[in-house]
Amino acid sequence: MRCEPFEADRVAELADCVFSTLPHTASMEACGALVERGCRVIDFSADYRLRDPNLYAQWYGASHSDVSHLGEAVYGLPEIYGDDIRGARLVANPGCYPTAAILGLAPLAAGDLIELRGIVVDAKSGVSGAGRTPKLAYHFPECNESTQAYAVGTHRHTPEIDQVISEIAGAPAEVVFTPHLVPMDRGIFTTMYVRPKRNFTETELLDTYRGYFGAAPFVRVTTRIPATKDSAGTNFCDVTLRVVRGQIVVLACLDNLIKGAAGTAVQNFNLMHGYPETTALL
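Okay, so let's go over this structure. (Residues numbered from 1 in each chain as written. Predicted model: local features only at pLDDT ≥ 70, side-chain atom pairs only at ≥ 80, totals over all residues. Heavy atoms only, no water.)

## A look at the packing of helix α5 (residues 78-86) against helix α11 (residues 258-273)
Here's step 1: Running from N to C, α5 and α11 point in directions that differ by 35°, and their axes come no closer than 9 Å. Seen from above, α5 lies across α11 with right-handed handedness. Along its contact with α5, which presents Pro78, Glu79, Gly82, Ile85 and Arg86, the element α11 presents Lys259, Thr264, Gln267, Asn268, Leu271 and Met272.
Here's step 2: Here the residues of the contact of α5 with α11 are counted per class, giving 4 nonpolar, 4 polar and 3 charged. (Axes fitted to C-alpha atoms, helices over the stretch in contact; angles between N-to-C directions. Helix = DSSP H or I, 4+ residues; strand = E, 2+ residues; numbered from the N terminus. Left-handed = near helix turned anticlockwise from the far one by under 90°. Contact = heavy atoms within 4.5 Å. Nonpolar A, V, L, I, M, F, W, Y, C, P; charged D, E, K, R; others polar.)

## Description of the pairing of strand β11 (residues 247-254)
Here's step 1: The buried count for β11 comes to 7 of 8 residues, which makes it a mostly enclosed element.
Here's step 2: Bridge count for strand β8 (residues 188-194) against β11 is 7 bridges, and the pairing is antiparallel. For valine 194, the partnering residue across the bridge sits in β11 and is isoleucine 248.
Here's step 3: Hairpin connection from strand β10 (residues 237-244) to β11: 2 residues lie between these consecutive antiparallel strands, with arginine 245 at a positive phi of about 50°. (Buried < 20%, exposed > 50% of the residue type's maximum accessible area, 1.4 Å probe, protein only. Pairing = 2+ DSSP bridges.)

## Let's talk about the sheet that holds strand β5 (residues 119-125)
Here's step 1: One open sheet holds the 7 strands; their spatial order is β6-β7-β5-β8-β11-β10-β9, and the pairing between them is mixed. Both edges of this open sheet fall to β6 (148-149) and β9 (219-221), since each of them pairs with a single strand only.
Here's step 2: Sitting on the sheet, helix α6 (residues 96-110) touches β5, β7 (175-181), β8, β9, β10 and β11, and the angle it makes with β8 is about 40°.
Here's step 3: Contacting β9, β10 and β11, helix α9 (residues 202-212) crosses the sheet at an angle of about 155° to β10.

## What about the environment of leucine 281?
Here's step 1: The residue leucine 281 is located in the segment after α11 in this model.
Here's step 2: Classification of leucine 281 as buried rests on a relative accessible area of 16%.
Here's step 3: When the C-alpha atoms of leucine 281 and phenylalanine 218 are compared, they prove to be 9.3 Å apart, with 63 residues separating the residues in sequence.
Here's step 4: Once you skip the residues sitting within four places of it in the chain, leucine 281 turns out to touch Phe218, Asn235, Gly263, Val266, Gln267 and Asn270.

## Concerning the pattern of salt bridges
Oppositely charged side chains can form a pair if their charged atoms are brought close together.
Here's step 1: By the definition in use, this model includes 13 salt bridges.
Here's step 2: A salt bridge links glutamate 79 to lysine 259; the nearest nitrogen and oxygen atoms lie 2.8 Å apart. On the criterion of sequence distance, the pair formed by glutamate 79 in helix α5 and lysine 259 in helix α11 is long-range, its members being 180 residues apart. Exposure class is identical for glutamate 79 and lysine 259. Each is buried.
Here's step 3: Between aspartate 230 and arginine 224 there is a salt bridge, and its shortest N-O distance comes to 2.9 Å.
Here's step 4: A relative accessible area of 28% places aspartate 230 in the partly exposed class.
Here's step 5: Among the charged side chains, a network of salt bridges with common partners joins Glu36, Glu72 and Arg89. (Salt bridge = Lys/Arg side-chain N within 4 Å of Asp/Glu carboxyl O.)

It is worth stressing that arrangement in space is one thing and function is another; only the former is reported here.
Written as structure tokens, this is what we have:
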């Protein structure tokens, strides 16, 4: 449901859970008002993803106007924060790039298996990841038959990935994140390069991933390298890895419009209301 801030009272009468897709300033005004009126909100903007308002101001160039609710917002990645999401009033639906990167790195970070500095996240996204606003770079003649990196070192999903991996690991993590636009409609393919703290075999690491995601219905740990076609139109994230010259190369892909956005929001809704996590998603 989409609502304007001045409709908060009416929306609260009609629903106890709202999906907010408003732009930043309006989103903060609406979400705060709706939460106070008893609605449980799943917010699609980036306004509640970063826990530190100073970090938000640094990366988004504006002060956070709803700090009181920022502190209670739960990051909406069910595979990591599922227990907290169940009782949350305000859920910050994650970004599509961070979803692939975090799911790819989480088992290694949780097991204290890797160095947390110098993690390289190289990600490719289809054109739909840029949203619906018309821009020259996303017109078919401009982006077809071409691949380009963008926002190198400045992409706003960087601190989002840092934050969650740090929380999983219990120590500061730092990623070098570089997104690329590729000429396809949808899908994200992410390749991550990390240094292990000791030598591992691929079999050991894949077993670690299977154990970590054993109860996660939408993460598929594969032995073969997945393709974006495998997860297109689904809520699945496919993950595998290789050990190459002493480094771990993790490969993950998902549909940016489903697992990277609306599908995860439905997962969050299911958890918040006591439905099976897979309801309406299989």
